[in-house]
Amino acid sequence: MSKLWMISYDISDAKMRKKVHDHLKNHGQRVQFSVFECRLSRLQFEQLRSDLQALIMEQDSIRWYPLCNWCEADIHWQGQGDIVDTNEYYIL
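Throughout what follows, the structure given in this document is the object of discussion. (Residues numbered from 1 in each chain as written. Predicted model: local features only at pLDDT ≥ 70, side-chain atom pairs only at ≥ 80, totals over all residues. Heavy atoms only, no water.)

**As for helix α2 (residues 42-55)**
Logical step 1: Compared with an ideal rise of 1.5 Å per residue, which puts 14 residues at 20 Å, α2 spans 20 Å between its outermost C-alpha atoms and is within 8% of the ideal.
Logical step 2: Where the residues of α2 are buried, they touch β1 (2-10), α1 (14-25), β3 (35-41) and β4 (61-67). (Helix = DSSP H or I, 4+ residues; strand = E, 2+ residues; numbered from the N terminus. Expected span 1.5 Å × (residues − 1). Contact = heavy atoms within 4.5 Å.)

The following block contains the structure:
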């Protein structure tokens, strides 16, 4: 069973920020400059957290927000953007 996660990051080093971005784009869809929505199984979640922890420095920040089914159904936005197709599977 998978869960939708909103993942945001604040990475000071441009090279490291690109690595985090590239890693996240293999697991979900970018919805803001430093925000991704990713549907992850428990194993994928644990592996991704471990992979990203190995990349970032002490002053950097990655935040993980779980979105329940009710919350996911009630996502709203203004301005640019489309509904994220989180039912797509990514094979690494």
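Moving on from the model shown.
**Side note on the pairing of β3**
Logical step 1: Counting buried residues along β3, six of its seven residues qualify, which places the element largely inside the surrounding structure.
Logical step 2: Taken together, the seven bridges between β1 and β3 define a ladder with antiparallel strand orientation. Paired with Lys3 across the strands is Leu40, a residue of β3. (Buried < 20%, exposed > 50% of the residue type's maximum accessible area, 1.4 Å probe, protein only. Pairing = 2+ DSSP bridges.)

**What to know about the packing of aromatic side chains**
Logical step 1: With the rule as written, the count across this model stands at four aromatic pairs.
Logical step 2: Centroid distance Trp5 to Trp64: 6.3 Å. Interplanar angle 80°. Geometry classified as edge-to-face. You can see Trp5 sitting in strand β1 and its partner Trp64 sitting in strand β4, a full 59 residues away along the chain.
Logical step 3: The structure contains a cluster of three or more aromatic residues connected by ring pairs, namely Trp5, Phe45 and Trp64. (Phe/Tyr/Trp six-rings, centres within 6.5 Å; stacked < 30°, edge-to-face > 60°.)

**A look at the environment of Lys25**
Logical step 1: One can find Lys25 in helix α1.
Logical step 2: For Lys25 and Cys38, which are 13 residues apart along the polypeptide, the C-alpha to C-alpha distance reads 8.8 Å.

**Description of the packing of α1 against α2**
Logical step 1: Running from amino to carboxyl end, α1 crosses α2 at an angle of 170°, the nearest separation of the two axes being 10 Å. Classed by the angle they form, the pair α1 and α2 counts as roughly antiparallel. Where α1 abuts α2, its residues Met16, Lys19, Val20, His23 and Leu24 lie against Leu48, Asp51, Leu52 and Leu55. (Axes fitted to C-alpha atoms, helices over the stretch in contact; angles between N-to-C directions. Parallel < 35°, antiparallel > 145°, perpendicular 65-115°, else oblique.)

**Structural notes on the sheet that holds strand β2 (residues 28-32)**
Logical step 1: On the basis of which strands lie adjacent, the open sheet formed by four strands has the order β2-β3-β1-β4 and antiparallel pairing. Each edge of the open sheet carries a strand with a single partner, namely β2 and β4. Ignoring strand direction, the axes of neighbouring strands in this sheet form an average angle of 30°.
Logical step 2: Judged from the seven bridges that link them, β1 and β4 form a sheet pairing that is antiparallel. Within β4, the residue paired with Met6 across the bridge is Tyr65.
Logical step 3: Most of the contacts of α1 go to β1, to which it runs at about 165°, and overall it touches β1, β2 and β3.

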